[in-house]
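# Structural overview
Here is how the chains run, residue by residue.
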Amino acid sequence: MNNRVEIFDTTLRDGEQSPGASMDDRQKIEIALQLERLGVDIIEAGFPIASEQEFESVRRVAKTVKGPRIAALARAVRPDIERAAQAIEKANRPVLHTFIATSAIHMEHKLKMTPDQVVENAAGAVTLAKGLIGRVEFSCEDSTRSDLNFLIRVSQAAIDAGADVINLPDTVGYTTPDEMEKMFRTVIGGVKNAAHVVFSTHNHNDLGLAVANALAALRGGARQIECTINGIGERAGNTALDEVVMAIKTRHDVHPYETGIVSTELMNTSKLLSNVTGLVVPHNKPIVGRNAFAHEAGIHQHGMIANHSTYEIMTPESIGRSKSELVLGKHSGRAGLAKRCEELGFKLASDEISQLYEKFIQLADRKKEIFDDDLRVLLMSMHDASFEVYQLDQVLTSGRNPSMAMVQLRKGGETLVDTAIGDGPVDAAIKAIERIVGCSGTLDEFSIRAATPGRDALGEANVIVLFERRPFTGTGATTDIIEAAVLAYLNALNKYLALKGDKGRLAEPKEQLKGI
Ligand code: KIV
Ligand code: ZN
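Keep in mind that this is a model prediction, so the values were computed, not measured. (Residues numbered from 1 in each chain as written. Chains lettered and ligands numbered in written order. Predicted model: local features only at pLDDT ≥ 70, side-chain atom pairs only at ≥ 80, totals over all residues. Heavy atoms only, no water.)

Attention now moves to the domain arrangement of the protein chain. By domain assignment, the protein chain separates into domain 1 (6-277), domain 2 (322-384) and domain 3 (389-500). The C-alpha centroid of domain 3 is placed 24 Å from the C-alpha centroid of domain 2. Of the residues lining the interface, nine residues belong to domain 2; the matching set on domain 3 comes to 12 residues. With both chains or domains summed, domain 2 and domain 3 bury close to 810 Å², and 57% of this area falls on carbon and sulfur atoms. Counting across the interface, domain 2 meets domain 3 through zero salt bridges. Along the contact surface separating domain 2 from domain 3 lie zero residue pairs in polar contact (both at pLDDT 80 or more). The set of elements that each furnish at least two residues to the side of domain 2 that touches domain 3 consists of helix 13 (350-366) and helix 14 (372-385). (Domains from an automatic or database assignment. Contact = heavy atoms within 4.5 Å. Buried area = accessible area lost by both parts, 1.4 Å probe. Salt bridge = Lys/Arg side-chain N within 4 Å of Asp/Glu carboxyl O. Polar contact = N/O pair within 3.5 Å; in protein donor to acceptor, adjacent residues only side chain to side chain. Helix = DSSP H or I, 4+ residues; strand = E, 2+ residues; numbered from the N terminus.)

Below you can see the structure in the form of structure tokens.
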């Protein structure tokens, strides 16, 4: 059997369903271009029927990103399928991904359809999709809680109707590796023409088994893994791309498969996503977490000095973590700066380099050593500034309990100033912002950490703010931690305002959240 495993990245679709992970068009393109550099085979760009904005962003990804196949999701109904087909018509190699639930619990309570109706619907949807787009993937939602004989029946109907890929998702993260392997063996063994179809695995991490289940699916015959960067996704997330790829690479003796992933781009991709979404990667996350290659215990350090392989099963370089992350100092020139940005995955136009250089010199005046993470923060703040409604000019605080803050914001050419008293400087500054902007949110989560080493480190603040009871993430980083907190709050507020647009309030949650 062919051992090439296709990597189907669904960060921009299932990943974006994580609370607080919504991305705008420009950010989605940025992520998609990085996924292309990472070497993924398929990018699932979104769920076009969900909203006009979602349709546009899928269309833009399909027009811009030409290496990987571009997939769009559609429920097994005509309006979804036609809209998805329209969104990806400009892609080089489009994939239409349609799905319907096959478990008794979903058919009875959610779809209110009989098994016969589901089979008929699946076949009809694939036939329609195949008439519009050359490659069609069909998913049996909640496969792992579906009856195996019924899964064979639905999969066969989809294959007969022209499906090229059959995906058997563990939608609720319920199954175990043994059950997963058995499900794939049984379905692949039970359908006719299995050899003409790619079988795909898509797992959620509710029990922490998503990666193990994906590897078990490969043993059962799957040859496509659906996964996300940093494992983001609905509830506990999806299979983490970096983990499953490095498990294959590091334990090739037990997982004898090949992927097209350029593993040295894993770290850049992880950082880019967490900067864009504000979703912080846990320090102890395998592969890309801050501590994944840190050795604290003396006995481990001793072993590491003697030979790295005593405590390291893969090298940091193999995933693109450079040993020396010190990049530039005050005397570095524009060319050095541009080159390092390119190595980090940011291709900048010359006016952008000039803009960045100015910020870089300002930072170098406050901070002796500039690290890769400093540079990433500068790049992201530069990008963010281009779409933010309100920008921070300055924040001044005094006193502790209570504290007073004076905030000066800019909106277009207008300067807006107000003061407020609060429970500590951050609270006072947020109140001043709310007085200026005229709307308020609830600070749900708030953390501050040093983004880079040293006493003059950039302080990075991460917040989750609830506006209209919906979560918006925000990040901000400067050498002053109160300013960083205010920037983070403003970042979340700007995302909310951008999503709300001219409408008085947010639109209803995406259709997709109701449908899946
Ligand atoms: O988890 C799931 O079942 C899905 C499908 C739409 C593939 O995301
Ligand atoms: Zn999913």
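Strand order in the open sheet formed by three strands is 14-15-16, with antiparallel pairing between adjacent strands. Strands with a single pairing partner mark the edges of an open sheet, and in this sheet they are strand 14 (442-450) and strand 16 (470-478). Across the sheet, the mean angle from the axis of one strand to that of its neighbour is 15 degrees, orientation sign disregarded. Examined bridge by bridge, strand 15 (residues 459-467) and strand 16 share nine bridges and lie antiparallel to one another. Within strand 16, the position partnered with L466 by the bridge is P471. (Pairing = 2+ DSSP bridges. Axes fitted to C-alpha atoms, helices over the stretch in contact; angles between N-to-C directions.)

The subject of this paragraph is unusual backbone geometry. The phi torsion of most residues other than glycine is negative, and most of the peptide bonds are trans. Even without being a glycine, K112 presents a positive backbone phi close to 55 degrees. Assignment of secondary structure puts K112 in the loop between helix 4 (104-111) and helix 5 (115-132). Positioned with a positive phi, N193 is a non-glycine residue whose angle comes to about 65 degrees. Its place among the elements puts N193 in the loop between helix 7 (177-190) and strand 7 (198-203). By relative accessible area, N193 is classed as partly exposed at 44%. (Buried < 20%, exposed > 50% of the residue type's maximum accessible area, 1.4 Å probe, protein only.)

Taken together, R13, D14, H97, F99, S139, E141, N167, P169, T171, H202 and H204 make up the full set of residues near ligand 1. D14 is positioned such that a nitrogen or oxygen atom in its side chain is 3.0 Å from an oxygen atom of ligand 1. Burial of ligand 1 by the protein amounts to 98% of the accessible area it has alone, namely 260 Å². Broken down by secondary-structure element, the contributors of at least two residues to the shell around ligand 1 are strand 4 (94-101), strand 5 (135-141) and strand 6 (165-170). (Near = heavy atom within 4 Å. Areas by Shrake-Rupley, 256 points an atom, 1.4 Å probe, with all protein chains shown as cover.)

This paragraph deals with helix 12 (residues 334-343). For helix 12, every residue scored as buried is listed here: L337, R340 and C341. Viewed along the axis of helix 12, the buried residues span an arc of 100 degrees, placing them on a single side of the element. Across helix 12 from its buried face, at more than 90 degrees, point the exposed residues A335 and K339. Immediately beyond the C-terminal end of helix 12, within one or two residues, lies G345, with a positive phi of roughly 100 degrees. (Arc of directions from axis to C-beta.)

This part is about the sheet that holds strand 11 (residues 391-398). One open sheet holds the three strands; their spatial order is 11-12-13, and the pairing between them is antiparallel. The two strands at the open ends of the sheet, each matched to only one other strand, are strand 11 and strand 13 (414-422). On average, each strand axis in the sheet is tilted by 15 degrees relative to the strand beside it, whichever way the strands run. Across nine bridges, strand 12 (residues 403-411) lies against strand 13 in antiparallel orientation. Each bridged residue has a counterpart across the sheet, and for V407 the counterpart in strand 13 is D418. Strands in contact with helix 15 (residues 425-437) are strand 11, strand 12 and strand 13; relative to strand 13, the strand with the most contacts, it is inclined by about 135 degrees. The sheet strands contacting helix 16 (residues 481-500) are strand 11 and strand 12, and the helix crosses strand 11 at an angle near 135 degrees.

The description of two helices packed together rests on the angle between their axes and the distance between the axes. Axis separation between helix 8 (residues 210-220) and helix 9 (residues 241-250) bottoms out at 9 Å; the angle between their running directions is 50 degrees. Considering the angle they form, helix 8 stands oblique to helix 9. Between helix 8 and helix 9 lies a crossing of right-handed hand. Between helix 8 and helix 9, the residues in contact are V211, A214, L215 and L218 and E243, V244, A247 and I248, respectively. For the contact of helix 8 with helix 9, the residue count by class is seven nonpolar, no polar and one charged. (Parallel < 35°, antiparallel > 145°, perpendicular 65-115°, else oblique. Left-handed = near helix turned anticlockwise from the far one by under 90°. Nonpolar A, V, L, I, M, F, W, Y, C, P; charged D, E, K, R; others polar.)

Attention now moves to the coordination of the zinc ion (ligand 2). Of the protein atoms, only D14 (OD), H202 (NE2) and H204 (NE2) coordinate the zinc ion (ligand 2), at distances of 2.0 to 2.1 Å. Expressed as a motif, the donor residue spacing for the zinc ion (ligand 2) is D-x187-H-x1-H. Of the two residues, D14 sits in the loop between strand 1 (6-9) and helix 1 (25-38) while H204 sits in the loop between strand 7 and helix 8, which places them 190 residues apart along the sequence. H204 sits in the buried class, given a relative accessible area of 4%. (Donors = N, O, S within 2.8 Å, 3.2 Å for Na, K, Ca; no water.)

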